Amino acid sequence: MEFEHQLEDEEVPVAVVGGGIVGPVMAYILGERGIRVHLYESRNKGLNGSLGRAINFSLSNRGIDALVRMGISDEVLKEAAPYYGRCIHLPNSGGKTKVEFYLGNEKKGAIHSINRRLLSELVLKRLEENPNVKIFYQHQLINIEHKNETLHFNVKGGEKGSNNKKSVKAKFIIGCDGFNSSVRKSILGSMSYYQQNILDEVYHELYLPPTQNGESALPYPDMFHIWQLGEVMMVGLPNKGNSFNIILYTPLSHSRNIKTPNDVLDFFRKTFPDVQKKIPQNQLIEDFFRKTPSRLNIMKCYPYHY
Ligand SMILES: Cc1cc2nc3c(=O)[nH]c(=O)nc-3n(C[C@H](O)[C@H](O)[C@H](O)COP(=O)(O)OP(=O)(O)OC[C@H]3O[C@@H](n4cnc5c(N)ncnc54)[C@H](O)[C@@H]3O)c2cc1C
């Protein structure tokens with residue numbers, strides 16, 4: 001493919017593509033070692049006033065260790081809700097639950113649940129303070145020409161919303177651009193093994209607000225909640241402030257059969273009646289149809305480098 005992008009004069013020692021969670025941590029650690037890094041992220045800078053309803057991120061000790069290295073573990077944990085085990089909602093039991101702590105029989109060894117966009121913003125904010133790292137937002141990687149180590153970007157947000165092209169040479173490129181990685185696609189031809197299974201399962205993101213008194217609508221607000229009935233499963237991750245973000249996993253065929261607001265209410269009434277009573281109806285319907293449900297995938301590839 002021919003590119004007529006404007007080529008930057010400067011050659012970048014390390015280009016990190018993707019500013020989700022992994023990219024900023026990687027860029028920060030390299031920057032701390034005195035290595036100059038450019039990080040490219042396709043999203044805009046900032047939260048634009050809204051955290052959205054992204055699936056929560058659960059942080060265990062391993063994740064917290066990375067935040068300690070960046071010096072922001074306290075700031076992040078202040079925004080997170082700890083949970084100490086799981087609360088299993090027994091099917092067809094009239095609301096009975098079974099509680100299991102992760103460690104022994106007490107509140108120890110918490111896992112911390114935090115809004116994914118907020119975590120990403122806190123990590124990026126810290127990265128901005130690192131003098132060896134430059135962050136480029138609205139830079140979407142299109143392709144990499146490996147023979148001359150050149151990355152090609154679409155740069156959004158030009159005049160009247162136009163897109164510009166930009167090309168950058170980099171000695172070392174690290175792909176942290178998530179499941180649909182463009183970096184990975186650029187080395188697909190040189191991989192010795194690649195396998196992707198698209199599962200017959202989708203997930204919907206829902207929200208369970210606190211009660212009118214500001215209390216948790218579920219028993220055990222500091223537990224990971226699980227409901228399962230046949231092939232359908234739902235999990236609830238606590239938020240700070242007594243609400244829960246809920247992920248509903250269903251076979252694709254079940255999800256496709258839910259077409260109208262009444263179908264949504266019927267499905268919940270039959271499958272998870274105790275939850276259905278706790279989520280305001282309008283909100284349940286709105287959340288269910290808000291996004292196209294995402295398919296679950298399993299991808300394996302080797303090697304990870306080129
Ligand atoms: C339903 C579900 C629940 C999960 N729950 C958890 C959990 O509780 N705890 C946990 O640890 N993990 C969880 N995971 C896994 C977790 O989401 C991933 O491991 C994690 O997001 C990977 O981080 P990342 O930074 O590599 O990628 P991402 O978080 O996907 O970030 C990739 C970044 O790259 C950017 N990007 C993408 N393409 C380009 C491009 N072409 N050019 C420039 N930028 C680009 C994106 O905008 C994004 O900011 C869950 C996953 C799913 C699907």
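Calculation criteria
- Residues numbered from 1 in each chain as written.
- Predicted model: local features only at pLDDT ≥ 70, side-chain atom pairs only at ≥ 80, totals over all residues.
- Heavy atoms only, no water.
- Helix = DSSP H or I, 4+ residues; strand = E, 2+ residues; numbered from the N terminus.
- Buried < 20%, exposed > 50% of the residue type's maximum accessible area, 1.4 Å probe, protein only.
- Contact = heavy atoms within 4.5 Å.
- Areas by Shrake-Rupley, 256 points an atom, 1.4 Å probe, with all protein chains shown as cover.
- Lys, Arg positive; Asp, Glu negative; His and termini not counted.
- Charge placed at Lys NZ, Arg CZ, Asp CG, Glu CD.
- Domains from an automatic or database assignment.
- Buried area = accessible area lost by both parts, 1.4 Å probe.
- Salt bridge = Lys/Arg side-chain N within 4 Å of Asp/Glu carboxyl O.
- Polar contact = N/O pair within 3.5 Å; in protein donor to acceptor, adjacent residues only side chain to side chain.
- Nonpolar A, V, L, I, M, F, W, Y, C, P; charged D, E, K, R; others polar.
- 1 Å grid on protein atoms, 1.4 Å probe; cavity = no way out; pocket = protein on both sides within 12 Å on 5 of 7 lines; lining within 4 Å.
- Points joined across faces, edges and corners; volume = space filled by probe spheres on them.
- Pairing = 2+ DSSP bridges.
- Axes fitted to C-alpha atoms, helices over the stretch in contact; angles between N-to-C directions.
- Core = buried A, V, L, I, M, F, W, Y, C linked by side-chain atoms within 4.5 Å.
- Arc of directions from axis to C-beta.

- The protein chain appears in an unreviewed UniProt entry as FAD-binding domain-containing protein from Amphimedon queenslandica.

1. Remarks on the overall build of the protein chain
Working step 1: In terms of helices and strands, the protein chain carries 9 helices and 16 strands.
Working step 2: Dimensions of the protein chain, computed from the C-alpha atoms along their principal axes, are close to 65 × 45 × 40 Å.
Working step 3: Residues counted as buried form 44% of the 306 residues belonging to the protein chain.
Working step 4: Looking at the protein chain alone, contacts between residues at least 24 apart form 66% of all its contacts between residues at least 6 apart.
Working step 5: As presented, the protein chain carries roughly 16900 Å² of accessible surface, and 49% of it is formed by carbon and sulfur atoms.
Working step 6: Side-chain charges in the protein chain split into 38 positive and 32 negative, and the spacing between the mean points of these groups amounts to 3 Å.

2. Examining the domain arrangement of the protein chain
Working step 1: Assigned domains of the protein chain: these are domain 1 (6–73 + 117–186) and domain 2 (82–113 + 197–297).
Working step 2: Averaged C-alpha coordinates put domain 1 and domain 2 at centres separated by 32 Å.
Working step 3: Together domain 1 and domain 2 conceal approximately 1100 Å² of surface at their shared face, both sides included; 52% is due to carbon and sulfur atoms.
Working step 4: Between domain 1 and domain 2 we count 0 salt bridges in total.
Working step 5: In this assembly, domain 1 and domain 2 are joined by 6 residue pairs in polar contact (both at pLDDT 80 or more).
Working step 6: Take the side of domain 1 that touches domain 2: its biggest share by element is 3 residues, from strand β3 (residues 57–59).
Working step 7: Each residue belonging to the side of domain 1 that touches domain 2 can be placed in one class, and the counts come to 6 nonpolar, 2 polar and 1 charged.

3. Describing empty space enclosed by the protein
Working step 1: By the definition in use, this model includes 3 cavities of 30 Å³ or more.
Working step 2: In this structure, the largest cavity occupies an estimated 70 Å³ of space.
Working step 3: Around the largest cavity, the lining residues are Tyr-203, His-204, Glu-205, Asp-287, Phe-288, Arg-290, Lys-291, Thr-292, Pro-293 and Ser-294.
Working step 4: Secondary-structure elements contributing two or more residues to the lining of the largest cavity are β12 (193–208) and α9 (281–290).
Working step 5: When its residues are assigned to classes, the lining of the largest cavity shows 3 nonpolar, 3 polar and 4 charged.

4. So, the sheet that holds β3
Working step 1: An order of β3-β7-β4 is seen for the 3 strands of this open sheet, with the pairing classed as antiparallel. Strands with a single pairing partner mark the edges of an open sheet, and in this sheet they are β3 and β4 (81–83). Averaged over neighbouring strand pairs, the angle between their axes works out to 30° when direction is ignored.
Working step 2: Where β3 and strand β7 (residues 111–114) come together, 3 bridges link them in antiparallel fashion. Across the sheet, residue Phe-57 finds its bridge partner in β7, namely Ile-114.

5. Quick word on the nonpolar core
Soluble, globular proteins show a tendency: their nonpolar side chains are buried together.
Working step 1: Residues Val-16, Val-76 and Leu-127 are the most contacted members of the largest nonpolar core, which totals 29 residues.
Working step 2: Secondary structure elements with two or more residues in this core: β1 (6–17), α1 (22–32), β2 (37–40), α2 (61–70), α4 (116–128) and β8 (133–136).
Working step 3: Residue contributions to this core peak at 6 residues, all from α4.
Working step 4: Once residues lying within four places of it in the same chain are set aside, the contact partners of Leu-127 are Pro-24, Ala-27, Tyr-28, Leu-39, Val-133 and Ile-135.

6. So, the sheet that holds strand β5 (residues 85–89)
Working step 1: Spatial ordering of the open sheet is given by β6-β5-β13-β14-β15-β12-β16, a layout of 7 strands whose pairing is mixed. Each edge of the open sheet is held by one strand with a lone partner, namely β6 (97–101) and β16 (294–302). On average, each strand axis in the sheet is inclined to that of its neighbour by 25°, with strand direction left out of account.
Working step 2: Pairing analysis gives 8 bridges linking β12 to strand β15 (residues 244–251), with the strands arranged antiparallel. Bridging across to β15, Glu-201 finds its partner in Pro-251.
Working step 3: Packed on one face of the sheet, α9 meets β12 and β15 and runs near 160° to β12.

7. Considerations on α2
Working step 1: Of the positions making up α2, those classed as buried are Ile-64, Leu-67 and Met-70. For α2, the angular spread of the buried residues around the axis is 110°, confining them to a single face. Opposite the buried face of α2, at more than 90 degrees from it, the exposed residues are Asn-61, Arg-62 and Arg-69.
Working step 2: On its buried face, α2 sits against α1, β3, α3 (73–78), β7 and α4.
Working step 3: Just downstream of α2, Gly-71 is the residue with a positive phi angle, here 75°.

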